[in-house]
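For reference, the chains in residue letters:
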Amino acid sequence: MASADVVLQIEGLTKIYRSLFTPAGVRAVDNLNLTVRQGETYSIVGPNGSGKTTTLKILLGLIFPTAGSASIFGKSIADLSVRERIGFLPEDAYLYDCFSGEELLDFYAGLFGYSKARRRELVDELLTLVGMQANRKVPFRECSKGMRQRIALAQALVNDPELLILDEPTSGLDPAGRHQMTLLIQEMKKRGKTILLCSHFLAEVEEVCDRVGIMYRGRLVAEGTIEELAGEPEETVVTVTDLSPETAQRLSALPAVKEVAADVVRLDHVGEKDLWQALEIIHDGGGEIVEVSRPRPSLQDIFVKAIREEVE
Ligand code: ADP
Ligand code: MG
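Everything quoted here is computed from the prediction, not taken from an experiment.

With that settled, consider the pattern of salt bridges. Considering all chains together, one arrives at 23 salt bridges under this definition. Note that Glu102 and Arg136 form a salt bridge whose closest N and O atoms lie 2.7 Å from each other. Pair noted here: Glu102 is in helix α2 (residues 101-111) and Arg136 is in the loop between α3 (116-129) and α4 (145-156), with a separation of 34 residues, a long-range link. Residue class for Arg136 comes out buried when judged on its relative accessible area of 18%.

Moving on, we get to α4. Look at α4: 16 Å from first C-alpha to last across twelve residues, which is about the 16 Å you get at 1.5 Å a residue. For α4, the tally of buried residues reaches nine of twelve residues, placing the bulk of the element in the interior. Among the residues making up α4, those that are buried are Gly146, Met147, Gln149, Arg150, Ile151, Ala152, Leu153, Ala154 and Ala156. Buried residues along α4 sit in contact with β6 (86-89), α2, α3, β7 (163-167) and α5 (175-190).

The strand order across the open sheet built from four strands is β12-β13-β11-β14, with neighbouring strands paired in antiparallel fashion. What marks the edges here is a single partner per strand, and that holds for β12 (257-260) and β14 (288-293). Along the sheet, successive strands turn relative to each other by an average axial angle of 20°, direction set aside. The pairing of strand β11 (residues 235-241) with strand β13 (residues 264-268) spans five bridges and is classified as antiparallel. In the strand pairing of β13, Val238 is matched with Val265. The strands that helix α8 (residues 245-252) touches are β12 and β13; relative to β12, the one it contacts most, it runs at about 160°.

This part takes up the site of ligand 1. Taken together, Tyr17, Val26, Ala28, Pro47, Asn48, Gly49, Ser50, Gly51, Lys52, Thr53 and Thr54 form the complete shell of residues around ligand 1. One of the backbone N or O atoms of Gly49 is found 2.6 Å from an oxygen atom in ligand 1. Between ligand 1 and Ser50 there is a distance of 3.1 Å, counted from an oxygen atom to a backbone nitrogen or oxygen. Here ligand 1, which alone exposes 570 Å², has 61% of that area covered by the protein. For the shell around ligand 1, the secondary structure elements donating two or more residues are β2 (26-37) and α1 (52-59).

Strand order in the open sheet formed by six strands is β6-β7-β8-β3-β9-β10, with mixed pairing between adjacent strands. Strand pairing shows two members of the sheet lacking a second neighbour, β6 and β10 (219-224), which therefore form its edges. Neighbouring strand axes in the sheet, compared pairwise and without regard to direction, differ in orientation by 15° on average. Of the pairings in the sheet, the one linking strand β3 (residues 41-45) to strand β8 (residues 194-199) comprises five bridges and is parallel in character. When the bridges of β8 are listed, Val45 appears paired with Ser199. Sheet contacts for α4: β6 and β7; angle to β6, the most-contacted strand, approximately 160°.

Both the distance between ring centres and the angle between the ring planes are used here to describe each pair of aromatic rings. According to the stated counting rule, one finds three aromatic pairs in the structure shown. Note on Tyr96 and Phe99: the rings are 6.1 Å apart at their centroids and 40° apart in plane angle, and the pair reads as tilted. Exposure remark for Phe99: the relative accessible area of 26% places this residue in the partly exposed category. Three or more aromatic residues joined by ring pairs form one cluster here, namely Tyr94, Tyr96 and Phe99. We note Arg85 situated over the ring of Phe73; from NZ or CZ to the ring centre the distance is 3.9 Å. Stacked on the ring of Tyr114, the Lys or Arg Arg118 has its end atom at 5.9 Å from the ring centre.

Many structure descriptions define interface size as the accessible area lost when the parts assemble. By domain assignment, the protein separates into domain 1 (6-229) and domain 2 (234-293). The distance between the C-alpha centroids of domain 1 and domain 2 comes to 47 Å.

Our focus in this paragraph is the packing of α2 against α4. Between α2 and α4, whose axes approach to 10 Å, the crossing angle comes to 15°. What the angle tells us is that α2 and α4 run roughly parallel. The two elements α2 and α4 cross, and the hand of that crossing is right-handed. Note on element contacts: α4 touches α2 through Ile151, Ala154 and Gln155, opposite Gly101, Leu104, Leu105 and Tyr108. Among the residues forming the contact of α2 with α4, the class breakdown is five nonpolar, two polar and no charged.

Turning next to the pairing of strand β1 (residues 6-17). With respect to burial, β1 is a largely interior element, ten of its twelve residues being buried. Judged from the eight bridges that link them, β1 and β2 form a sheet pairing that is antiparallel. For Gln9, the partnering residue across the bridge sits in β2 and is Thr35.

The next point concerns the environment of Leu197. You can see Leu197 is positioned in strand β8. Apart from the residues lying within four places of it in its own chain, the contact partners of Leu197 are Thr41, Tyr42, Ser43, Ile44, Leu166, Pro169, Ile185, Val205 and Val208.

Calculation criteria
Residues numbered from 1 in each chain as written. Chains lettered and ligands numbered in written order. Predicted model: local features only at pLDDT ≥ 70, side-chain atom pairs only at ≥ 80, totals over all residues. Heavy atoms only, no water. Salt bridge = Lys/Arg side-chain N within 4 Å of Asp/Glu carboxyl O. Helix = DSSP H or I, 4+ residues; strand = E, 2+ residues; numbered from the N terminus. Buried < 20%, exposed > 50% of the residue type's maximum accessible area, 1.4 Å probe, protein only. Expected span 1.5 Å × (residues − 1). Contact = heavy atoms within 4.5 Å. Pairing = 2+ DSSP bridges. Axes fitted to C-alpha atoms, helices over the stretch in contact; angles between N-to-C directions. Near = heavy atom within 4 Å. Polar contact = N/O pair within 3.5 Å; in protein donor to acceptor, adjacent residues only side chain to side chain. Areas by Shrake-Rupley, 256 points an atom, 1.4 Å probe, with all protein chains shown as cover. Phe/Tyr/Trp six-rings, centres within 6.5 Å; stacked < 30°, edge-to-face > 60°. Lys NZ or Arg CZ within 6 Å of the ring centre and 35° of its normal. Domains from an automatic or database assignment. Parallel < 35°, antiparallel > 145°, perpendicular 65-115°, else oblique. Left-handed = near helix turned anticlockwise from the far one by under 90°. Nonpolar A, V, L, I, M, F, W, Y, C, P; charged D, E, K, R; others polar.

Below, the structure written as structure tokens:
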């Protein structure tokens, strides 16, 4: 059921590419169901070839689905008026070498019919936003990949879209470039934009996303917030100093203790009682407790696990 805060709804979406060489067809997207709500940042993650770009291209009306449907802002994606409210950053955005950021943004602002004065203002705002004011006149052939990617994002923002669709926004960037792009996505989120992004860079996704869908061979194999996907922590880790051999021995005798090393004690995911018992032993033995944590698996771990379960 469509509800007021649903921005994007995908139902049973399927895309089969057929060619002379693949008469049976390549099932790039396979019965995909997905909902993105107002203000949400949703990321589709998945290995190369899992159907992420194909999904985005269908949403943008660049290719047609074999089956299924999708709606954006409650309207079918076939409705052209929807596209005015979307900003798109393609994978490997192509920018003409001889253009500068300023020229390109002014050109796009012109396409949207803004007046000359408004154009100047808008280009200024966008260049400031993406940190390209100082380099506004540098032609793209002299720009780093990170600089180009920031201009490409600015271009996607020219129409002040409510929904931003980003295909591999950090791909090909060095760590500094990836960090800058992540900060920009966070800024867009703060400004209330709904964001759908695709990525195989898991660390950044983890930082910005409200929900993640893991896609594999055209299908969504897992979906949820990072916490939901991670499930319960599996162990409790106590970081310690000054652990005497006697204390280590006493700890090893506890059923919940899995490992005792010089500066760390690992316990099965235990109840408070077991943990207190271990902490008391450490304390009594003159050990210093630095930290108690229950680490959750990283998105990378969740991703590998979900895909492994699919393969098996
Ligand atoms: P991703 O973006 O997750 O890397 P894609 O959507 O680009 O995945 O590709 C999904 C699958 O569809 C891959 O097997 C790819 O080879 C195939 N594919 C993509 N585009 C085409 C096309 N134009 N014609 C035929 N097959 C395609
Ligand atoms: Mg892709």
